[in-house]
Amino acid sequence: MPPVDAGCTESAGLALPAGGAEAGPAGGDGFARADSAGPASGSGSGTADGTADGTAVGTAVGTAVGTAVGTAVGTAVGTAVGTAVETAVETGSALGIIDAAERARLAGRPARARELLARAGYEGAPDVVRGAAQLVNGQLGLQDGPVADAREVLLLAAELLAEAEPARALAARLAAMEAAWAMGDAAACLEALDPGPGRRGSDDVNPVAGATRSGAPGHVAGPPEGDGGVAAYRAGMSAVMRGRLDTGRTRLREVVDGAGAAGVPDGPESLLLAGGAALVAGDLAAACRASSRALAVARARGPRILVAQALERLAYGELRAGRHARARAHAEDGLRTALAAGQSNLVAHHHAILALAASVEGSQEAVAEHASAAERIAAPHGLAQAATLSQWARARADLARGRLPEAAARLGPLVGAGPRHGHFALRMLAVPCFVEAAARTGQAEAARSALAEFTHWAAQGADPQAPAQLARCQALLSDGDSCEPLYAAALAHHEEAGGDFERGRTQLLYGAWLRRRRRPGEARGRLRDALVSFERGGALGWAAQTRAELRATGDAAPAEPVGPLALLTPQQLRIARCVAEGATNREVALRLSVSPRTVDHHLRNVFAALGVRSRVELSRWVDRAEKTTAHP
């Protein structure tokens, strides 16, 4: 999930947790869980099938399930559940069927959950019954479907449940915020958090005192009982979305500090809440700890549906912290889990995270594959966050390859505020990439405009890397000798924040600047440091770019060319590789910070040295000679 720039609330872009469908700040599954942390068994499960049925439908219809299985040995699970549902319908237990649907959803069986809801017959029932059904319906929509539709269903559920079940009404509003977050609608997030006096269910609800938990099964659960962190989370997020960052962060830290404290439930819902709060507050270490603990608890005790969500939160936290290999491992696991549980919206978010990890690791094919997979789901389901992450991944891959105009074109819309732009929670995180691409392609004014907002955001402490990135961006937009102290300041900030990847990017840009200033000896030192950082972090594409810079300084960097390409000078080799990728002379000049005339001169010499007559023929030479993705 997010940082909140809240473009609609006129505050600077914040940096909250990444999430979306099942991964929103308030964990929709968790708040609709009640006492179903572990498998709920039927009372008469005479066979293994009976146990499975009991897990699906819970204690509300457990006896009926057990009886059905006991008298129909060898029948399918669906037959047993059908018998149980018929029994519940005959006795008028619509709430029992709705509870069974919720338990099926939590067990990762969305198709069965929808089937049960269709059989519940809640039309014309009291508000509390219809509200319970719509809460389950809305949370199923968060897992798989257009999130704008899910939001409306969840808001309706909140209105229907407001008087009789205020805690569950709060659960519905928090889930509606998840939907709004995935949509990229900051104003809708705020409406769900604090709808105001004009909407039913708008009263402030204490999730502890307001929880009216009936002893009877069949009530879809609300926020975890006794979890005061829900109130602090809601208040903190409301303040952050309104631009009161200090106040909001104080309340969110209460959520983080309270996770795992004595008397506080150690359930995955509370831990995911704390992880999301830590991301908003800029504490990436705490966010990863809480999400990792949530993953362990969800795997050990359930509900199963929260496993993929915990993996998404953890992968995003690791990505933000610069640990891309770990992020990839968690996202790969989360992708498999989400696919198995029918959580297609989470599938999109995991693909987007994998695209971002691949943009660091240097696989252009993997970036395109995962970004396309994310976008195929994001477009019809309205997942603005997943779509923004995938475009950011494509742009960062362009940066790694030196394709600056392409990167700037992709990033420009992402960093703008308002409709038809990127997700409000990701705008500021993408600004450093945009400034780098824009500043190096002659778009200084656009870069300065984006940097002005980033400067305000960085001062709020929402991201530990922001101060170093700010100084680096200022260096890119400065002239002459004023660049050097800014690069030095950026490196000092990197020492405090940690993270090999961002530090390596600063060292690479600093080294390239020193080379252009004809200080090759100093440039080599910076570039060698950058190469070590990239290799240690698995950033192979960026490492290749650094090697090319080292060769341009006269350093015999690793991975020297072999065969005919060894005949070329370092600068000729860089130009040959750029041309082989399809770059024009002007684009090559922008990448290498030289004039088009210089490129033309070197290219003529390259043609002569290799005995080729066209750019197409040169591309074939380079493809045959190099089996790696070492691009300048």
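Nothing here was measured: the structure is a model prediction, and the numbers come from that model.

## Here we look at the overall build of the protein
- When helices and strands are counted, the protein shows 31 helices and zero strands.
- Among the 632 residues that make up the protein, the fraction classed as buried is 59%.
- Across the protein, contacts joining residues at least 24 apart in sequence account for 64% of those joining residues at least 6 apart.
- As displayed, the protein has an accessible area near 22,400 Å², and 52% of this comes from carbon and sulfur atoms.

## Side note on the nonpolar core
- Formed by 131 residues in total, the largest nonpolar core has its most connected members in Trp-392 and Phe-454.
- Judged by nonpolar contacts, the second largest core, of 18 residues, contains Leu-568, Val-606, Leu-610 and Leu-618.

## Focus: the packing of helix α21 (residues 427-439) against helix α23 (residues 466-476)
- For the pair α21 and α23, interaxial distance at closest approach is 10 Å and the crossing angle is 10°. Between α21 and α23, the interaxial angle falls into the category roughly parallel. Across the interface between the two elements, Pro-432, Val-435, Glu-436 and Ala-439 of α21 pack against Gln-469, Arg-472, Cys-473 and Leu-476 of α23.
- The residue inventory of the contact of α21 with α23, partitioned by class, reads five nonpolar, one polar and two charged.

## Some points on the packing of helix α18 (residues 364-381) against helix α19 (residues 384-400)
- Where α18 meets α19, the closest approach of the two axes is 9 Å, and the angle between their N-to-C directions is 160°. By the angle class used here, α18 and α19 are roughly antiparallel. Crossing handedness for the pair α18 and α19: left-handed. Along the contact surface, α18 presents Gln-364, Val-367, Ala-368, Ala-371, Ser-372, Ala-374, Glu-375 and Ala-378, while α19 presents Ala-386, Ala-387, Ser-390, Gln-391, Ala-393, Arg-394, Ala-397 and Asp-398.
- Taken together, the residues of the contact of α18 with α19 sort by class into nine nonpolar, four polar and three charged.

## Side note on the side chain of His-370
- For His-370, the location among the structural elements is in helix α18.
- On the accessibility criterion, His-370 (15% relative accessible area) is buried.

## A short note on unusual backbone geometry
- Here the amide bond leading from Gly-302 into Pro-303 is cis, since omega sits at 0°, within 30 degrees of zero.
- Position of Pro-303 relative to the elements: it lies in the loop between α14 (284-301) and α15 (305-320).
- In the Ramachandran plot, Arg-518 falls in the positive-phi region, its phi being about 60° despite a non-glycine side chain.
- You can see Arg-518 is positioned in the loop between α25 (500-516) and α26 (520-537).

## Overview of the packing of aromatic side chains
- Inspection of every chain in the model, using the stated rule, returns eight aromatic pairs.
- Among the aromatic residues, those joined into a cluster by ring pairs are Tyr-487, Tyr-510 and Trp-513.

## A few points about helix α24 (residues 483-497)
- Over its 15 residues, α24 runs 21 Å from end to end, which matches the ideal 21 Å to within 8%, given 1.5 Å per residue.
- The complete set of buried residues in α24 reads Cys-483, Leu-486, Tyr-487, Ala-490, Leu-491 and His-494. The buried residues of α24 occupy one face: seen down the axis, they fall within an arc of 140°. Exposed positions of α24 whose direction lies more than 90 degrees from the buried face are Glu-495 and Glu-496.
- Looking at the packing, one finds that the buried side of α24 touches α23, α25 and α26.
- The first or second residue beyond α24 is Gly-498, which carries a positive phi of 75°.

## Considering the environment of Arg-336
- Note that Arg-336 resides in helix α16 (residues 324-340).
- Taking the C-alpha atoms as reference, Arg-336 lies 9.4 Å from His-350; in sequence the two are 14 residues apart.

## Quick notes on helix α8 (residues 147-161)
- Taking 1.5 Å of rise per residue, 15 residues should cover 21 Å, and α8 covers 21 Å from first to last C-alpha, within 8% of that figure.
- Among the residues of α8, those classed as buried are Val-147, Ala-150, Arg-151, Leu-154, Leu-155, Ala-157, Ala-158, Leu-160 and Leu-161.
- The secondary structure elements touched by the buried residues of α8 are α7 (127-143), α9 (166-183), α10 (186-193), α17 (344-361) and α18.

## Thoughts on the pattern of salt bridges
- In this structure the tally under the stated criterion is 33 salt bridges.
- Close ionic contact of Arg-168 with Glu-165 constitutes a salt bridge, the shortest N to O distance being 2.5 Å. For the pair formed by Arg-168 and Glu-165, the shared burial category is buried.
- The salt bridge involving Glu-436 is made with Arg-505; its shortest N-O contact spans 2.9 Å. Residue Glu-436 is located in helix α21, and its partner Arg-505 is located in helix α25; the two are separated by 69 residues in the primary sequence.
- For Glu-436, a relative accessible area of 4% corresponds to the buried category.

## Side note on the confidence of the model for the protein
- Residues with a pLDDT of 70 or more make up 75% of the protein, whose mean pLDDT is 78.
- In the model of the protein, helix α1 (residues 28-31) stands out as the element of lowest mean pLDDT, 32, in contrast to α23, which has the highest, 96.
- Per-residue pLDDT stays below 50 along residues 2-81; that stretch engages in 255 contacts with residues further than four places along the chain or on separate chains.
- Counted against residues more than four places away or in other chains, residues 87-92, with its pLDDT under 50, gives six contacts.

## A word on the state of the cysteines
- Per the stated rule, a full pass over the model turns up zero disulfides.
- In this structure Cys-473 is not part of a disulfide, and its nearest cysteine sulfur, from Cys-433, lies 8.7 Å away.

## Describing the side chain of Asn-585
- Within the fold, Asn-585 resides in helix α29 (residues 585-592).
- For Asn-585, the side chain forms a polar contact with the side chain of Arg-615, separated by 3.0 Å.
- Ignoring anything within four residues of it in the chain, the contact list for Asn-585 reads Val-599, Asp-600, Leu-603 and Arg-615.

How each quantity is defined
- Residues numbered from 1 in each chain as written.
- Predicted model: local features only at pLDDT ≥ 70, side-chain atom pairs only at ≥ 80, totals over all residues.
- Heavy atoms only, no water.
- Helix = DSSP H or I, 4+ residues; strand = E, 2+ residues; numbered from the N terminus.
- Buried < 20%, exposed > 50% of the residue type's maximum accessible area, 1.4 Å probe, protein only.
- Contact = heavy atoms within 4.5 Å.
- Areas by Shrake-Rupley, 256 points an atom, 1.4 Å probe, with all protein chains shown as cover.
- Core = buried A, V, L, I, M, F, W, Y, C linked by side-chain atoms within 4.5 Å.
- Axes fitted to C-alpha atoms, helices over the stretch in contact; angles between N-to-C directions.
- Parallel < 35°, antiparallel > 145°, perpendicular 65-115°, else oblique.
- Nonpolar A, V, L, I, M, F, W, Y, C, P; charged D, E, K, R; others polar.
- Left-handed = near helix turned anticlockwise from the far one by under 90°.
- Phe/Tyr/Trp six-rings, centres within 6.5 Å; stacked < 30°, edge-to-face > 60°.
- Expected span 1.5 Å × (residues − 1).
- Arc of directions from axis to C-beta.
- Salt bridge = Lys/Arg side-chain N within 4 Å of Asp/Glu carboxyl O.
- pLDDT = per-residue confidence, 0-100.
- Disulfide = S-S within 2.5 Å.
- Polar contact = N/O pair within 3.5 Å; in protein donor to acceptor, adjacent residues only side chain to side chain.

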